Amino acid sequence: MDSFITGSLIYWLVAALFLLGVYGILANNNLMKKLMAMNIMQVAVIVFFLILGQKLGGTLPILMGSDTTVDHYINPLPHALMLTAIVVSLSTTGVALALLMRIQERYGEIEEDDILRRMNE
Amino acid sequence: MKKVSALLMIVLAFMFFYTASSLPQVGDVNSPASQHVSPRYIEKGKKETGSPNLVTAVLADYRGYDTLGETTVIFVAGIATVMILRGKRKGED
Amino acid sequence: MKKGFGSIVLDASFRVLVPFTLVYGVYVLVHGEYSPGGGFQAGALLAVGIILSRLIQGNEKALFNIKGNVALILAGIGTALYALIGFSTIFLGGKFLEYGRLPFSVHDPAELHALGMLGIEIGVTLCVMMTIVAIFDALTGEEEGI
């Protein structure tokens, strides 16, 4: 039980966060809430990648003095890759908000059912 | 729609929790993610790039081409946002 | 956002916050090779300093009143700086972004890599900061109608 809590519990928690995000996209009618759920999903994926690079007893990947033992530092590769993912999520949110403003100006509201009803008139 | 998606979430949850048992333990020093190219970055990073910060060394020296592509992505997203909202300024003529 | 929020408390407190934020942003950029930091983090911090002063003071009297078009031009200059450093190593006889052929004279060959990385991070910071300011300006620009 102890090795489950320190070994695998965090994978379950990250999976639960990811599934909350997917449920938020599928089950909401408001377009703004769908956008926020997509952000939650992206954060869950980023945290999952960072967990994969963790080492027991390792510290930040910044070299202290001239000590280059591999087991003393955590893996720097997932951190560098996830910087790209964070910035891509910022860009996607910016473009999505601009599109949302145009939809609101054209159709009058941002509920999905009302937009479909207005498009079919 | 809400009931169907809730059922789908439960099915996906079972799939995730079943495969989470075959992922490596958190903190394992012999996990496959830290085996092939990452020890080389840690051992030779300071000597080849001259910067003790390994994340910046990987991001700007070993994988500098990917960072150029990412900067282009940010720039294009900025252009796209300004272009979408430009018609709103001058009116819809 | 033409008028700004401007009350007495906000006016007095942002004059303390914004200079420290801007200086901290430049500190994080320049120390990107010795402590946690780098180009993207510094770009976000500098953009926060500019946006805070624009939110509180309104669009005319704000510090660093950069419009959306000018911000996009500067973002393009930042990306072009990155690509120019890459192309200049081709003209000096190497591969793309091969820092060992930069024309500076240093004692240690690893110092050339550090100089190349500093130039690249400046380009990335400029691009990220100006893109965030351009997105902010486009999203909050029109409140007085067409």
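Residues numbered from 1 in each chain as written. Chains lettered and ligands numbered in written order. Predicted model: local features only at pLDDT ≥ 70, side-chain atom pairs only at ≥ 80, totals over all residues.

**Q** Before we go on, may I ask you to explain the overall build of chain B in this structure?
**A** Of the regular secondary structure elements, chain B holds 5 helices and 0 strands. For chain B, the α and β elements follow one another from N to C terminus as α-α-α-α-α. For chain B, whose C-alpha radius of gyration is 23 Å, the value lies well above the compact-globule estimate of 12 Å for 93 residues. Oriented by its inertia axes, the alpha-carbon framework of chain B measures out at about 60 × 50 × 15 Å. Relative to its 93 residues, chain B shows a buried fraction of 30%. (Helix = DSSP H or I, 4+ residues; strand = E, 2+ residues; numbered from the N terminus. Rg over C-alpha atoms; globule rule 2.2 N^0.38 Å. Buried ≥ 20, exposed ≤ 12 C-beta atoms within 10 Å, placed from the backbone.)

**Q** How should I be thinking about the overall build of chain A in this particular structure?
**A** When you go through chain A residue by residue, the secondary structure sums to 5 helices and 0 strands. Against the 2.2 N^0.38 benchmark of 14 Å for 121 residues, chain A shows a C-alpha radius of gyration of 21 Å, more extended than a compact globule. For chain A, the spread of C-alpha atoms along the principal axes amounts to about 70 × 35 × 15 Å. Buried residues in chain A amount to 16% of all 121 residues.

**Q** How should the interface of chain A and chain B be read in this particular structure?
**A** A common way to report how large an interface is uses the accessible area buried once the components associate. Taken together, the 42 residues of chain A in the interface contact 40 residues of chain B. Residue contributions to the side of chain A that touches chain B peak at 15 residues, all from helix α4 (residues 77-107) of chain A. Partitioned by chemical class, the residues of the side of chain A that touches chain B number 27 nonpolar, 11 polar and 4 charged. (Contact = placed C-beta atoms within 7 Å. Nonpolar A, V, L, I, M, F, W, Y, C, P; charged D, E, K, R; others polar.)

**Q** Teacher, can you tell me more about the environment of Gly94 of chain C here?
**A** Residues and elements named next belong to chain C. As for its position among the elements, Gly94 is in the loop between α3 (68-91) and α4 (109-139). A tally of 14 C-beta atoms within 10 Å means that Gly94 is categorised as partly exposed. When neighbours within four sequence positions are excluded, Gly94 is seen to be in contact with Thr89, Gly100 and Arg101.

**Q** When you look at the nonpolar core in this model, what are you seeing that I'm missing?
**A** One recurring pattern in soluble globular proteins: nonpolar side chains tend to sit buried together. If you look at the biggest cluster of nonpolar residues, it comprises 47 residues, and the most contacted ones within it are Val58 of chain B together with Ala75, Cys127, Met129, Met130, Val133 and Ala134 of chain C. Elements that contribute at least two residues to this core include exactly α4 of chain A, α2 (38-49), α3 (54-62) and α4 (64-84) of chain B together with α1 (8-30), α2 (39-57), α3 and α4 of chain C. The biggest single contributor to this core is α4 of chain C, with 14 residues. Beyond its immediate stretch of four places on either side in the chain, Ala134 of chain C contacts Gly78 and Val82 of chain B together with Gly68, Ala71, Leu72 and Ala75 of chain C. (Core = buried A, V, L, I, M, F, W, Y, C linked by C-beta atoms within 7 Å.)

**Q** I would appreciate a short explanation of the confidence of the model for chain A in the present structure.
**A** Per-residue confidence for chain A averages 88 on the pLDDT scale, and 100% of its residues sit at or above 70. Considering each helix and strand of chain A separately, the mean pLDDT is smallest for helix α5 (residues 112-119) of chain A, with a value of 78, and largest for helix α3 (residues 31-52) of chain A, with 94. (pLDDT = per-residue confidence, 0-100.)

**Q** What is the right way to read unusual backbone geometry from this model?
**A** For residues that are not glycine, phi is negative in most cases, and the peptide bond is trans in most cases. All names here are of chain C. A positive phi angle, near 55°, is found at Leu97, a position not held by glycine. Of note, Leu97 is situated in the loop between α3 and α4. The buried category is assigned to Leu97, around which 21 C-beta atoms lie within 10 Å.

**Q** So what exactly am I meant to see when it comes to the packing of α3 of chain B against α4 of chain C here?
**A** When two helices pack together, you describe them by how their axes are tilted relative to each other and by the distance separating the axes. Where α3 of chain B contacts α4 of chain C, the axes come no closer than 10 Å and their chain directions differ by 85°. In terms of orientation, α3 of chain B lies roughly perpendicular with respect to α4 of chain C. Packed against α3 of chain B, whose contacting residues are Thr56, Ala60 and Asp61 of chain B, the element α4 of chain C presents His113, Met117, Ile120 and Glu121 of chain C at the interface. For the contact of α3 of chain B with α4 of chain C, the residue count by class is 3 nonpolar, 2 polar and 2 charged. (Axes fitted to C-alpha atoms, helices over the stretch in contact; angles between N-to-C directions. Parallel < 35°, antiparallel > 145°, perpendicular 65-115°, else oblique.)

**Q** I'm lost on the confidence of the model for chain B in this one. Help?
**A** Do not read the predicted coordinates in detail wherever pLDDT is low. Residue and element names in this part refer to chain B. Predicted confidence across chain B gives a mean pLDDT of 86, with 94% of residues reaching 70 or more. Per-element mean pLDDT across chain B ranges from 58 in helix α5 (residues 87-90) up to 93 in α4. With a pTM of 0.89, the predicted complex shows an ipTM of 0.86.

**Q** It is not clear to me how the environment of Pro78 of chain A should be interpreted in this structure. Could you clarify?
**A** Residue and element names in this part refer to chain A. Its place among the elements puts Pro78 in helix α4. Taking the number of C-beta atoms within 10 Å as the measure of exposure, Pro78 has 22 and is therefore buried. Leaving out residues up to four positions away in the same chain, Pro78 has contacts with Phe49, Leu50, Leu52 and Gly53.

**Q** Looking at this model, I keep getting lost on α1 of chain C. Mind explaining?
**A** Within an α-helix, residues lying three or four positions from one another point in the same direction, as the helix has 3.6 residues per turn. All names here are of chain C. Taking 1.5 Å per residue, 23 residues should reach 33 Å; α1 reaches 35 Å between its end C-alpha atoms and fits that length. At Phe14, α1 shows its strongest bend, of approximately 35°. Of all the positions in α1, only Phe14, Gly25, Val28 and Leu29 are classed as buried. Contact partners of the buried residues in α1: α2 and α4. (Expected span 1.5 Å × (residues − 1). Bend = angle between axes of the 7 residues up to and from the residue.)

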